[in-house]
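A closer look at the structure
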Amino acid sequence: PLRGRNGYDGPVTDLPSLREQLDAHGLSAKKSFGQHFLLDLNVTRKIVRLAGPFEGRSVVEVGPGPGGLTRALLESDAGKVVLVEKDPRFLPLLGELDDGTGRLQIVEGDALKVREAELVDGPAHLVSNLPYNVGTALLIKWLTGPWTPHALTLMFQKEVAERVVAAPGDEAYGRLAVISQAVCDARIVLHLPAAAFTPPPKVASAVVHLVPRPDRPERDTLKRLERVTAAAFGQRRKMLRSSLKPLGGAALCEAAGIDPEARAETVDLAGFLRLAAALPTV
Ligand code: SAM
């Protein structure tokens with residue numbers, strides 16, 4: 001069962017447990033890096049099962065830390081596993097997962113700045129137990145940036161996961177839902193309690209699986225969508241004719257076929273796309 005698509009039967013089987021690895025390397029979690037580790041391989045294997053199959057495609061993992069998810073990825077049918085880790089303390093420990101075949105690539109760097117297109121050829125999956133302090137910023141980068149993953153499987157704080165998948169009328173419905181769902185089909189595939197992590201965070205977590213839509217908007221439309229949703233949800237209690245005033249107010253709403261007296265939280269994705277299309281060119 002530990003054999004990957006490329007016949008990988010390397011060190012994963014013989015490795016000490018993640019906890020032993022952390023102790024052996026004298027490592028503990030740092031709050032500033034948003035470190036909450038998954039040390040149970042049953043959990044990380046489950047996440048990887050939900051993310052795949054990869055069918056030989058590359059997988060980029062952001063923030064591997066002690067490598068619990070990485071180990072499960074190395075057991076999978078991923079063709080290549082590329083790690084991006086900001087905390088250099090983990091690099092020696094991650095290096096022990098390298099079987100020398102070139103399947104594993106370890107990059108020390110900030111995922112917010114890294115250019116993924118330079119790390120992988122062809123379509124690649126993103127799989128990550130995200131550092132919560134930069135989770136939303138990273139999602140926006142992958143949704144709106146020049147590089148689009150084949151699919152994204154991402155652990156967020158539960159509250160952020162709910163904001164990604166929310167529907168009109170939900171309390172969590174806002175900019176993140178509109179932008180995420182304009183680009184991807186998104187659903188929550190797993191809930192995890194805080195106790196699943198070491199150390200446990202203050203809140204529960206959830207894994208969101210996102211698949212880019214074939215009809216996702218062009219970058220220019222996405223920029224417009226960001227402007228409209230920022231204005232509309234920036235003052236979500238107000239009617240659109242007043243929250244959207246700087247962008248055209250009631251006239252803009254009418255051009256888009258939206259009731260100017262509606263509030264942002266009732267407008268669906270199609271409505272926001274029409275508002276974005278009706279914006280005067282800048
Ligand atoms: N994947 C590991 C697991 O599940 O046990 C660790 C997850 S921990 C929530 C987040 C990881 O992201 C940490 O290893 C942290 O050092 C790393 N990290 C934090 N900020 C980062 C950034 N900007 N770029 C890359 N990695 C980052």
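Residues numbered from 1 in each chain as written. Predicted model: local features only at pLDDT ≥ 70, side-chain atom pairs only at ≥ 80, totals over all residues.

What about the site of the ligand?
So the rule is basically this: Put plainly, near means the residue's C-beta atom, positioned from the backbone, lies within 6 Å of the molecule or strand in question. Segments assigned H or I by DSSP are reported as helices when at least four residues long, segments assigned E as strands when at least two residues long, and all are numbered from the N terminus. Note that Gly is not counted as nonpolar here; it falls among the polar residues with everything else outside the nonpolar set of Ala, Val, Leu, Ile, Met, Phe, Trp, Tyr, Cys and Pro and the charged set of Asp, Glu, Lys and Arg.
Taken together, 23 residues form the shell around the ligand, and within it Gly63, Gly65, Ala111, Asn129 and Pro131 come nearest. Breaking the shell around the ligand down by element, the ones donating at least two residues are helix H3 (68-75) and strand S2 (80-85). Looking at the shell around the ligand, its residues break down into 12 nonpolar, seven polar and four charged.

Some thoughts on the nonpolar core
Going by this rule: What we call a nonpolar core is a set of buried Ala, Val, Leu, Ile, Met, Phe, Trp, Tyr and Cys residues whose membership is set by joining through C-beta atoms within 7 Å. Using C-beta atoms placed from the backbone, we call a residue buried if 20 or more other C-beta atoms fall within 10 Å of its own, exposed if 12 or fewer do, and partly exposed for counts in between. Think of it this way: build a C-beta for each residue from its backbone, and any pair within 7 Å is a contact.
Of all hydrophobic cores here, the largest spans 70 residues; its most connected members are Leu73 and Val208. If one sorts the elements of this core by residue count, helix H7 (residues 175-183) sits on top with six residues. With near-sequence residues (within four places) excluded, Val208 lies in contact with Leu154, Phe156, Ala161, Val164, Val165, Ala186 and Ile188.

Quick notes on helix H6 (residues 158-165)
Residues of H6 that are buried: Val160, Ala161, Arg163, Val164 and Val165. For H6, the secondary structure elements touched by its buried residues are helix H5 (135-144), strand S5 (151-157), H7, strand S6 (184-192) and strand S7 (205-212).

Looking at the UniProt feature "domain: Ribosomal RNA adenine methylase transferase N-terminal" (unreviewed entry) in the protein
Convention followed: UniProt positions are given in the numbering used here, feature names are shortened, and annotations may be inferred rather than shown by experiment.
Sequence positions flagged by UniProt for "domain: Ribosomal RNA adenine methylase transferase N-terminal" (unreviewed entry) are, in local numbering, residues 43-214. The span residues 43-214 shows a helical share of 28% and a strand share of 27%, and its end C-alpha atoms are spaced 31 Å apart.

Points about the UniProt feature "binding site: S-adenosyl-L-methionine" (unreviewed entry) in the protein
The UniProt entry lists His36, Leu38, Gly63, Glu85, Asp110 and Asn129 under the feature "binding site: S-adenosyl-L-methionine" (unreviewed entry), expressed in the numbering used here. Residue contacts for Leu38: discarding those within four places in its chain leaves Val43, Thr44, Gly68, Leu69, Asn129, Ala196 and Phe197. Here Asp110 lies in the loop between strand S3 (104-108) and strand S4 (124-129).

Examining the environment of Val114
As for its placement among the helices and strands, Val114 is situated in the loop between S3 and S4. Sequence separation of Val114 and Val84 is 30 residues, and the distance between their C-alpha atoms is 8.3 Å.

A word on the environment of Pro123
With respect to the element layout, Pro123 can be found in the loop between S3 and S4. The residues contacting Pro123, other than those within four sequence positions of it, are Arg57 and His150.

Topic: the confidence of the model for the protein
When pLDDT drops low, the exact placement of atoms in the prediction is not to be read closely. Note the following rule: Residue-level confidence of the predictor, termed pLDDT, takes values from 0 up to 100.
In this model, the protein carries a mean pLDDT of 92, and residues with pLDDT of at least 70 account for 95%. Confidence drops under pLDDT 50 across residues 1-9; counting only partners more than four residues distant or on other chains, this segment forms 17 contacts.

Some points on the pairing of S5
How we decide: Strand pairing is assigned whenever DSSP detects at least two bridges linking the two strands. Think of it like this: strands point away, you trace from the first strand over the helix to the second, and a clockwise trace means the crossover is right-handed.
With respect to burial, S5 is a largely interior element, six of its seven residues being buried. As judged from the five bridges shared by S4 and S5, these two strands associate in the parallel manner. Pairing of Val127 across the sheet is with Thr153, part of S5. Once the chain exits S4 it traverses H5 before rejoining the sheet at S5, and the crossover so formed is right-handed. With six bridges joining them, S5 and S7 adopt antiparallel strand pairing. Directly across from Leu152, in S7, lies its bridge partner Leu210.

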